[in-house]
Amino acid sequence: MAAPNLTALETAFVQDAKVFSEQVLNWNLRNQGVQIRTNVTAPQALTKLSAVGEPRPYRTQDDFGSGADFSDRTITAYQSKWDTDFDPENFRNTYLADLPDTPFETAAIQHVAKKYLHTLLKKTVYSGVRNAAGTGAVDLANGFGTIIAAEIAANKLTPVVTGAITAANAVDKVELVAEGVPTEIRENNNGILFCSYNVFDKFAKHYRALNGYKLDTTATGGYMLDNKNMELRPVSWMNASQRIIATVENNLVLGTDAEQVRIYPTRHLNILKLRFMMPIGMEIQDLDAIVVNDQA
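Residues numbered from 1 in each chain as written. Predicted model: local features only at pLDDT ≥ 70, side-chain atom pairs only at ≥ 80, totals over all residues. Heavy atoms only, no water.

1. A few points about the overall build of the protein
And step 1. Tallying secondary structure elements over the protein gives seven helices and 13 strands in all.
And step 2. Per-residue burial for the protein yields a buried fraction of 40% across its 296 residues.
And step 3. In the protein, once contacts between residues fewer than 6 apart in sequence are set aside, the share between residues at least 24 apart is 72%.
And step 4. Summing over all exposed atoms, the protein offers an accessible surface of approximately 17100 Å²; the carbon and sulfur share of this is 51%. (Helix = DSSP H or I, 4+ residues; strand = E, 2+ residues; numbered from the N terminus. Buried < 20%, exposed > 50% of the residue type's maximum accessible area, 1.4 Å probe, protein only. Contact = heavy atoms within 4.5 Å. Areas by Shrake-Rupley, 256 points an atom, 1.4 Å probe, with all protein chains shown as cover.)

2. A word on the sheet that holds strand S13 (residues 291-292)
And step 1. Reading across the sheet, the five strands line up as S6-S7-S5-S8-S13 and stay open at both edges, with mixed pairing between neighbours. Two strands close off the open sheet at either side, each with one partner strand: strand S6 (223-224) and S13.
And step 2. By the bridge criterion, four bridges tie strand S5 (residues 191-195) to strand S8 (residues 245-248) in an arrangement that is antiparallel. Counterpart to Phe 194 in the pairing with S8 is Ile 245.
And step 3. Helix H5 (residues 170-179) rests against S5, strand S7 (230-234), S8 and S13 of the sheet, and its axis sits at about 140° to S5.
And step 4. Taken strand by strand, helix H7 (residues 197-211) contacts S5, S6 and S7, and its axis lies near 120° from that of S7. (Pairing = 2+ DSSP bridges. Axes fitted to C-alpha atoms, helices over the stretch in contact; angles between N-to-C directions.)

3. Here's the deal with the pattern of salt bridges
And step 1. Here the structure, examined in full by the defined rule, presents 13 salt bridges.
And step 2. With a shortest N-O distance of 3.0 Å, Lys 81 and Asp 83 are connected by a salt bridge.
And step 3. Accessibility expressed as a relative area gives 39% for Asp 83, which makes it partly exposed.
And step 4. A salt bridge links Asp 83 to Arg 275; the shortest N-O distance between them is 2.7 Å. Note that Asp 83 is positioned in strand S4 (residues 81-86) and Arg 275 in strand S11 (residues 271-277), a separation of 192 residues in sequence.
And step 5. Among the charged side chains, a network of salt bridges with common partners joins Lys 48, Asp 286 and Asp 288. (Salt bridge = Lys/Arg side-chain N within 4 Å of Asp/Glu carboxyl O.)

4. Focus on the packing of aromatic side chains
And step 1. Counted under the stated rule, the structure contains eight aromatic pairs.
And step 2. With a centroid separation of 6.3 Å and an interplanar angle of 40°, the aromatic rings of Tyr 126 and Trp 237 are classed as tilted. Of the two residues, Tyr 126 is situated in the loop between helix H3 (102-123) and helix H4 (144-153) and Trp 237 in the loop between S7 and S8; the sequence distance between them amounts to 111 residues.
And step 3. With a centroid separation of 5.7 Å and an interplanar angle of 50°, the aromatic rings of Phe 203 and Tyr 223 are classed as tilted. Pair noted here: Phe 203 is in helix H7 and Tyr 223 is in strand S6, with a separation of 20 residues, a long-range link.
And step 4. Note on Phe 203: relative accessible area 1%, which makes it buried.
And step 5. Looking at Tyr 223, the relative accessible area reads 5%, which means it is buried.
And step 6. An aromatic cluster of three or more residues is present, and its members are Tyr 126, Phe 144, Phe 194 and Trp 237. (Phe/Tyr/Trp six-rings, centres within 6.5 Å; stacked < 30°, edge-to-face > 60°.)

5. As for H7
And step 1. Over its 15 residues, H7 extends 21 Å from the first C-alpha to the last, a length consistent with the 21 Å expected when each residue adds 1.5 Å.
And step 2. Looking only at H7, the buried set comprises Val 199, Phe 200, Lys 202, Phe 203, Ala 204, His 206 and Tyr 207.
And step 3. If you follow the buried residues of H7, they end up packed against H5, S5, S6 and S7.
And step 4. Count one or two residues on from H7 and you reach Gly 212, which has phi positive near 75°. (Expected span 1.5 Å × (residues − 1).)

6. Looking at unusual backbone geometry
And step 1. For Asn 155, which is not a glycine, the phi torsion comes out positive at approximately 60°.
And step 2. Checked against the element boundaries, Asn 155 lands in the loop between H4 and H5.
And step 3. In this structure Asn 155 comes out as exposed when scored by relative accessible area, which is 69%.
And step 4. With a phi angle near 55°, Asn 239 is a residue other than glycine that sits in the positive phi range.
And step 5. With respect to the secondary-structure elements, Asn 239 resides in the loop between S7 and S8.
And step 6. Exposure remark for Asn 239: the relative accessible area of 25% places this residue in the partly exposed category.

7. Considerations on the pairing of strand S12 (residues 281-284)
And step 1. Judged by which residues are buried, S12 turns out to be covered on both faces: Gly 281 and Glu 283 on one side and Met 282 and Ile 284 on the other are all buried.
And step 2. Examined bridge by bridge, strand S9 (residues 252-255) and S12 share four bridges and lie antiparallel to one another. Considered in S12, the bridge of Val 253 is made with Glu 283.

8. Focus: the sheet that holds S4
And step 1. Strand order across the open sheet formed by three strands is S4-S11-S10, with antiparallel pairing between neighbours. In this open sheet, the two strands that pair with only one neighbour each are S4 and strand S10 (262-268). Along the sheet, successive strands turn relative to each other by an average axial angle of 15°, direction set aside.

9. Considerations on the pairing of S8
And step 1. Residues Ile 245 and Thr 247 line one face of S8 and the alternating positions Ala 246 and Val 248 line the opposite face, and both faces are buried.
And step 2. When S8 meets S13, the two strands line up antiparallel, connected through two bridges. By the bridge assignment for S13, Ala 246 is matched with Val 291.

Encoded structure:
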């Protein structure tokens, strides 16, 4: 049998080729229950209103106390950047080129902006450790995981002891954390248990083993725990963490100036020099409304 003629196939990749973009995470933190604060151009107080004291048996004399009380934690957004240059001539006469049309150039720049957000989700939002002298996304700001670990070390947050989570115990471990959540959160029906997809996969396998049928998730991809009024919600930004974060909507806060990557282009001859920028910072608004386990 004669060898196949690949000439037509090879030629097809020279002109009118379709570029297949790498897969990146979508920026959908608002839909996941994270509060996004814009216009955080300076350190900003996350104010909590509470009440100090409690009712007591009646007596004639006055017993005035504090009553309403305000406290706060502070969120700071740190600027980040990604400098690139783009020379369209480097792509001329290759299967990527569609010059001199501008859509190719625009698509390339837009993809870098999408990758910017993807990298923040993968390396900063949860795992970041602030280092002003650093060179990567992990150095931009303290992520939620780093903040939680620091609060545990400072004895301001006491974790539920679950031990290691496996496909043979994940349902029990998740429910153990949920049972440690204050009843007012459970009764108000607004509790979330954030977890990684790794933990969620283990939960699904254990659930199937216990019940003999597959896990039935909601439209959001989460699962309402049986008789707990709380949803187990997997999120990509926790990577492969074994931490379970039980809290309420909007208690995890991300601060920035605008919820987008700003692009500052400068022409140098035929080359585009680009600076992508977006400030970012994370904080927990109320430590009394969060329960975590002892896994990192």
